[in-house]
Structures are given as structure tokens and as C-alpha cells.
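One-letter residues, chain by chain:
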Amino acid sequence: MALSSDTDEDISVQPSDRLLRQFVGYNIKRAYMQLQGDLTQTLAPFGLRIGTFSALAVVLGSEGISQTQLSEVLNIKRSGVVVLVDELENLGAIDRKPVETDRRAYALQVTAQGWHLWQNAERAVQSHEDALFDKLAVEDIRTLRELLVRATRSATRKRQETDE
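Residues numbered from 1 in each chain as written. Predicted model: local features only at pLDDT ≥ 70, side-chain atom pairs only at ≥ 80, totals over all residues. Heavy atoms only, no water.

Draft legend 1. Seen up close, the environment of Val 82. Along the chain, Val 82 falls in helix H4 (residues 78–90). Once the C-alpha coordinates of Val 82 and Ser 12 are considered, the two residues, 70 residues apart in sequence, prove to be 51 Å apart. (Helix = DSSP H or I, 4+ residues; strand = E, 2+ residues; numbered from the N terminus.)

Shown next as C-alpha cells:
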């Protein structure tokens, strides 16, 4: 066994995460870490981050959504949503409109500029995913997406039961 002169560490042992790879959560995290850096680079030319891209998508699909509702959908704190909404508003992508029935609430709406931004960013993200998953069959991608949705629902239910 070859030992380093400075430590008792065996330098001939190859580090391995094989014991961790048995866990679904660990594998999901590793996959996400690979995707995140590349996606960050893909979105940067549009002035978007993963969070702002996600928020823009939700507002686009839920016209008139409140910031509180957006925080619930994205599963982030309301203060975090304020930052995302501010960034999107500064990009000219969304507008905040006062809600007539609640002076404290704002309805979020995508602007024409936001719609154009979304279309371009969506194409770039689709190309990004196509390139990253080019070794997977279309059916495999569909199955992966469905399994991740089901896993998220299952984990959410379990967490809600624990919180009760």
C-alpha cells in the first residue's frame, strides 16, 4: 500500500461514489448538476437565469397570476419571487398590474417583449436539451419526464403528510 509522506491517506485508492449511486436522490442531483451549468450558459445571452426563465414560463402559462401564487407554483419563498419579478420587470418581460379587489396584490402579465424573449429562450433551451439528451430515444425522454413528475408528486405527498 503506497502512503503519502504527509498523511496516512492511501494514494493508490481511486475515489468512488458507488455507495451513493444506489440512491435515486443522489442520481437526480448529479444529473441536475450536469444540466444546470450548461443551462445557465444557454440562458445568459437572453439576460435570464434558471429562476427568471421558470418564472416567465409560469406567468406566461398563468396570465394574471399573483406573486404569492407564483411563489407557490415555483416552491420558493415570496421574497425570492419578488427578486425574480423585479428582474423580469427590468427586462421589460412582465408588468405588474394592481388587483382591483386587493390593493396589496399584483397580477403579473407578460408583455409583447416578454413573449418574444420567451420564444427565443424556449428555442435555445429546447436545443440545449436536444443536444444533452441526444443519446436517449424520444420514448426514453418521455418516460424520464413522467417518472420525475411522479417522483416529485410522491415526495410532495410524503412531505405534506409529515408536516401535518
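Next comes the rest of the write-up.
Draft legend 2. Local environment of the pattern of salt bridges. Counting across every chain of the model gives eight salt bridges. The shortest N-O distance in the salt bridge between Asp 86 and Arg 96 comes to 2.1 Å. Taken as a pair, Asp 86 in helix H4 and Arg 96 in strand S2 (residues 94–99) lie far apart in primary sequence, 10 residues in all. For Asp 86, a relative accessible area of 32% corresponds to the partly exposed category. With a closest N to O distance of 3.4 Å, Asp 102 and Arg 104 form a salt bridge. (Salt bridge = Lys/Arg side-chain N within 4 Å of Asp/Glu carboxyl O. Buried < 20%, exposed > 50% of the residue type's maximum accessible area, 1.4 Å probe, protein only.)

Draft legend 3. Structural detail: the side chain of Ser 66. Structurally, Ser 66 is set in strand S1 (residues 65–66). With relative accessibility at 16%, the residue Ser 66 sits in the buried group. Residues within four places of Ser 66 in sequence aside, it is in contact with Tyr 106 and Leu 108. (Contact = heavy atoms within 4.5 Å.)

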